[in-house]
Structures are given as C-alpha cells and as structure tokens.
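So the chains spell out like this:
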Amino acid sequence: MFKQVINLMLVSFILMLFGLSAQAATPKEPLWPTLKVAYFGDKPIRENANDLLVIEAPKRAEDAAIVPITVKSLVAQTPDKYIKNIHIIIDNNPEPYSANFHLSPALGLIDISTRMRVDQYTDIRAIAEMNDGSLHMVSRFVKASGGCSAPAGKDAAAALARLGKMQIRMRTPTLGEPVQTQVIVSHPNYNGLQFDQASRRYIPAHYVKNINISYNDTSLINVDTGISVSEDPSIRFTFTPKLNGVLKADIIDSEGQTFSMQKEI
Amino acid sequence: MKRFFGLLLLTVSSINISSGATDYTISELGEGIYYHQGVHEDASAQNIGAIANVSFVIGDTCVAVIDSGGSYLEGSYLRKAIKETTDLPICYVINTHVHPDHTFGNAAFKIDKPTFIGHSKLAAAMEARKTYFDHTFKDILGSTYTGTEFIPPSITVENNKPLTIDLGNRKLELTAYITAHTDNDLTVFDDTTKTLWTGDLLFIERIPALDGSINGWITVMDNMLSLDLNCIIPGHGTPAHSNWKEAINHQLHYFNLMRDQIRSIIANLGTIDEATKSVGLTEQSNWELFDQYHRRNVTASFVELEWE
C-alpha cells in the first residue's frame, strides 16, 4: 500500500515534469509509457492477452459519471495457477490507477463488473497479475461523452442522504452453481472536485477505499478503489457457493467510516 | 430609432444579426418576447454552441435575458440583438440551469452590470463542473469559447419560494424545482402573456437529456400539466402554443416508458448493459439526436432506480 502511495506521488511528479496537468484536454502524448513504469516498474507486461482476459466497455462514455466496465477471465482459477490481482488503469483520468481487485483462487471464472467515471477520450486497461507474478494486459479505447455530461454527481443531496446504505442483490442460489451477485453501496465518492455552496469550499475527496467481499470469512474479492469509481460504487461478480454460509461485504471509506452487510445462503 | 424598430418588427417577424459568416436570427413571439431557436446538433465551433433557445423579454423599464447562450460569442450576438431592438437597460440575466448551452454567454452581459439569477443550487453545480467544462468546451467550441466565464447567480431562487421580478409593468415569476433535468432547474413565467420558459425541463423535437433525476423530472412534468398557459418556450425546439400539453405528454411518455422498462430489468437483476441494449428503442423515430443521448438517459435512470 505504501509503495502504491509513493507510485502515485511519482506519477503526479512525472506528469508535472511533462507539463501535463491531470485536468488538461486529451493529452497529445500517450501517458501509458509513463504510467507503466510508475505502476509496474521495469516488469514486462504481455499486451493483447486476449487468451486470458476480456475487457468490455462501451465505445463511448454515454454518461461520463457512469461507465460500466466488465472484466472476464477465459481460464478458470485453480489453486496452482490463478489471477491474483486485476489492476484497472484509466490513462487520462485525474488519477489513472482506478482499482486493484485482489482475487481468490476459489472464484472459478472471473466475471466482474464495476462503474467508472471517464473524463475524456482514454484507454482503459485491465492488467492481470498471476500468482507467479507475470503481468497480462487487455485494453479498450473509450470515447468521451458529448455535450453536458460531466463526471460530477447528479444529485449530491440525495447521494449524501443515503450514504452507507447497501444492497446485496442476487437470485436464490443453488449450491454448486455459479450465481451472479451485486454489491452496491451508496456513497457520493467525492473526488475532491465538488464544491459546497454553503461553506464556499471544495469538498475534500471522500470516497470508498476498499470493498471486501467474503464468503464464510474467506475473501473472494478485495478491491482497493480510487476516485475514478462512480458515485454509489457497485461490484457485480459471479461465484459458486459450495456450502451454505454467509456472504459478507465490508466497505471502508477514505475517512475511515465502515459499512457492512451480509446475506445468508 | 426605437420606434422605428418597433414598427419594423410588426411587419417582419425576425431580425438577423450578421457577423462574419454566421447569421444569428432572432424571432419575435409577440408582446416584447424575442428568442433565438437553437439548432438540434451537438455544440461545435461551427454552430457557436447555439443549440439551446435563448430569449429576452422587454418591459417598460428593463430587459431580462433568459439563458445567455452556448458560448461567449453567442452571448455577444444575443446582446447585439437586444441593443438593436431596445435602448432599455439589461437588468437581469436568468440562467434556467447549469448546462453550457444556457450559461456560457453570461460574460457577454457583464458590461451591462445585470443581476444574474439562478436556482439556489446553480453556483455549486457550476463550480463542480467548471474544470471539466472548461477543458472540454475549449476544444469543442474553439475560438467562439474565448471570453467565456462561469458567472454564478447573485440572486438565487429556492425550491417552494418563487421570486417575482418587475421589468416595468411586466412581472416575471421565477420558480425553482426539485432535482429533475438537473438539480438546479428554474422556470420563468411571464404573467402578461402567460408564457412559460421551461428551460430544459421540456425538450421539443430534440431528445431530452437526463442529468438529474428521472423520478423528479416525471413529477415536475406531471405538475406542469395543471398550469394555465398560452405558450411554452422550451429549452430546445419550437415554442408550443395551444399544443403545449401535448409536448409535455410526449416527453412524459418517453420517461414513463423508460422507467417502467428499467424497473423491470432491475427487478430481474439485469445490468446497465442489458438496459441500454433494450430500453426505449421504440422511441427512436420520435426524437432528434436519439442515438447520441438515449443510452445515456437509460444509464443515468438505471443507477437512480436501483435505489428505489
């Protein structure tokens, strides 16, 4: 975690050196070579790893504040060989490093969806880090939304009023069968760019930092989330309950507030 | 000169402000109400961002501007049209909501030192979008953007507390709404002619774009139907006269249909992707720019209705 903070600082510094503000229009120079070094050092990354991973995103960010992104694996997780982490990088967002999914070998085939803010024309990358440390990448280009769609929230008052409210949504599962599940938490996910009229100040960044989804106390998905994640963070995933038990979602936000919900299966 | 212009306007229903290659047409609706009708396109340097309806209303002592245009340049054309129509001062610039096509012309009126008026949540919405709009629209609008500033209201209107302003024997009633098209929608009602400026609470011809709350917007439209009106000037599209209720019902139909279909997808644990691929597609032929905005409306509605 500390390493990640240093890396983020390094990225900001490098971007400054390049004279590229995070708020600038679509950068003329691709940022990826810089980001790659900042996040992964000199480790090789296998590109177009279409035999391992699929990333789905709309061609155009219809609503800049809510862009659904899905990552699927084509090779089932096994205890010997599994995807340990999936890093999501959105090159041209104010903070490109958007999420890191820590995944359990028990997940089977990975099928995870979330929703991101996409400010401008950008590559969105999913980088799988295997348990042997090797890195494999797939990416999609997403066009910016047109017109008045901004990554700002639509109704800050409503979002704040239901802060921390959670849902775990799924069909009645059958033991041994994969079941699609959605964990969603209401949170304004302030990215530090919103303004509060009453205090005439920018609202400090206040966002969900970590979502841990566990089954019978074993973590299935633990995701570190950043400010690219949309208001009301949502994680949709597939897992196969083999025994009856308790599915639990624990949320921590950047102010240390915690929210939790569970469901018996 | 003023009288001459007045006479001219009795016989000619529109005036052209020519500047370079662009013709900027102002139409007179009657009794001191003038407007420029925006084109049904996305904003661009070619159309100078003039995609929304912008208006001015003349009383005995004052002029009020209702939405200032989609670029500094459009604002300056609108101002020129006003100056060619009347010698009365521009006392008020009213913004019906935060979107660029309704506010980017504000700075062109600074020289008149008007009172800027908007919803009590307008300034916050402007601040939240400022950085994004600035870097995006500099690219989209090119040189027509030059001079654009984000000018917040100096007087605000709160939900349930309408504000009346007087242009000299002509009262305008300003009403603020719950979150609907945006969280900062404002309408203007001219008592003299029973004309309502809806801002983007009503789109005619052009597909509505949701940047607020589908439930709020449906409620606001339902309530609007019970008003006593002669005319509506929508945020986009041709002003409606005796057919104004039809126009509201047309838009209501679109949102009600979309809401019903999305609710059933959510109840069935469906995804945003499923919704954008199926919801409301029968409505395509009813709206201009459907392909550019419909999926976005579905997406925005979906994440709201998920919390019902």
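Residues numbered from 1 in each chain as written. Chains lettered and ligands numbered in written order. Predicted model: local features only at pLDDT ≥ 70, side-chain atom pairs only at ≥ 80, totals over all residues.

Caption draft 1: Representation of the overall build of chain A. Within chain A one finds 3 helices and 17 strands. Counting every position in chain A, which comprises 265 residues, the buried fraction comes to 42%. Expressed as a percentage of contacts within chain A between residues at least 6 apart in sequence, the contacts between residues at least 24 apart total 68%. (Helix = DSSP H or I, 4+ residues; strand = E, 2+ residues; numbered from the N terminus. Buried ≥ 20, exposed ≤ 12 C-beta atoms within 10 Å, placed from the backbone. Contact = placed C-beta atoms within 7 Å.)

Caption draft 2: Region of the structure containing the sheet that holds strand β5 (residues 97-103) of chain A. Residue and element names in this part refer to chain A. Spatially, β1-β8-β7-β4-β5-β14-β13-β16-β17 is the arrangement adopted by the 9 strands of the open sheet, whose pairing is mixed. Lying at the two open borders of the sheet, with one neighbouring strand each, are β1 (45-46) and β17 (258-264). In terms of strand pairing, strand β7 (residues 122-130) meets strand β8 (residues 135-142) through 8 bridges, oriented antiparallel. In the sheet register, Glu129 faces β8, and the bridge partner there is Leu135. (Pairing = 2+ DSSP bridges.)

Caption draft 3: Just helix α6 (residues 244-267) of chain B, in detail. All names here are of chain B. The terminal C-alpha atoms of α6, which comprises 24 residues, lie 35 Å apart, in line with the 34 Å expected from a rise of 1.5 Å per residue. Those residues of α6 lying buried are Trp244, Ala247, Ile248, Gln251, Tyr254, Met258, Arg259, Ile262 and Ile266. Elements in contact with the buried residues of α6: β12 (195-203), α5 (214-224), β13 (231-236), α7 (272-278) and α8 (290-305). (Expected span 1.5 Å × (residues − 1).)

Caption draft 4: Expanded view of the confidence of the model for chain B. Residues and elements named next belong to chain B. When pLDDT is averaged along chain B, the result is 93, and 93% of the positions lie at 70 or above. Confidence over residues 1-12 falls short of pLDDT 50; this stretch has 5 contacts with residues more than four positions distant or in other chains. Across the whole predicted complex the pTM is 0.89, and at the interface the ipTM reaches 0.85. (pLDDT = per-residue confidence, 0-100.)

Caption draft 5: Representation of the pairing of strand β3 (residues 33-36) of chain B. All names here are of chain B. What you see with β3 is no split at all: Ile33 and Tyr35 on one side and Tyr34 and His36 on the other are buried throughout. Pairing analysis gives 4 bridges linking β3 to strand β4 (residues 54-58), with the strands arranged antiparallel. Residue pairing in the sheet places Tyr34 in a bridge with Phe56 of β4.

Caption draft 6: Up close: helix α4 (residues 122-141) of chain B. Residue and element names in this part refer to chain B. Between its terminal C-alpha atoms α4 stretches only 23 Å, short of the 28 Å expected from 20 residues at 1.5 Å a residue. Its axis deflected by about 50° at Arg129, α4 carries its strongest bend there. Positive backbone phi, at 55°, marks Gly142, one or two positions downstream of α4. (Bend = angle between axes of the 7 residues up to and from the residue.)

Caption draft 7: Quick look at unusual backbone geometry. You will see that Asp217 of chain A, though not glycine, has its phi angle at about 70°, which is positive. Structurally, the position occupied by Asp217 of chain A is in the loop between β13 (208-215) and β14 (218-225). Although it is not a glycine, Asp67 of chain B sits at a positive phi angle of roughly 70°. When you line up the elements, Asp67 of chain B lands in the loop between β5 (63-66) and α2 (72-85). By the C-beta count within 10 Å, which is 35 here, Asp67 of chain B ends up buried.

Caption draft 8: Inspection of the nonpolar core at higher detail. All names here are of chain B. In this structure, Ala64 and Val65 are the most contacted members of the largest nonpolar core, which totals 137 residues. Broken down by element, this core gets its largest block of residues, 7 residues, from α6. Apart from residues lying up to four places away in sequence, Ala64 is in contact with Phe56, Val57, Cys91, Tyr92, Ile94, Ile165, Leu167 and Leu172. Judged by nonpolar contacts, the second largest core, of 7 residues, contains Leu122, Ala124, Ala125 and Met126. (Core = buried A, V, L, I, M, F, W, Y, C linked by C-beta atoms within 7 Å.)

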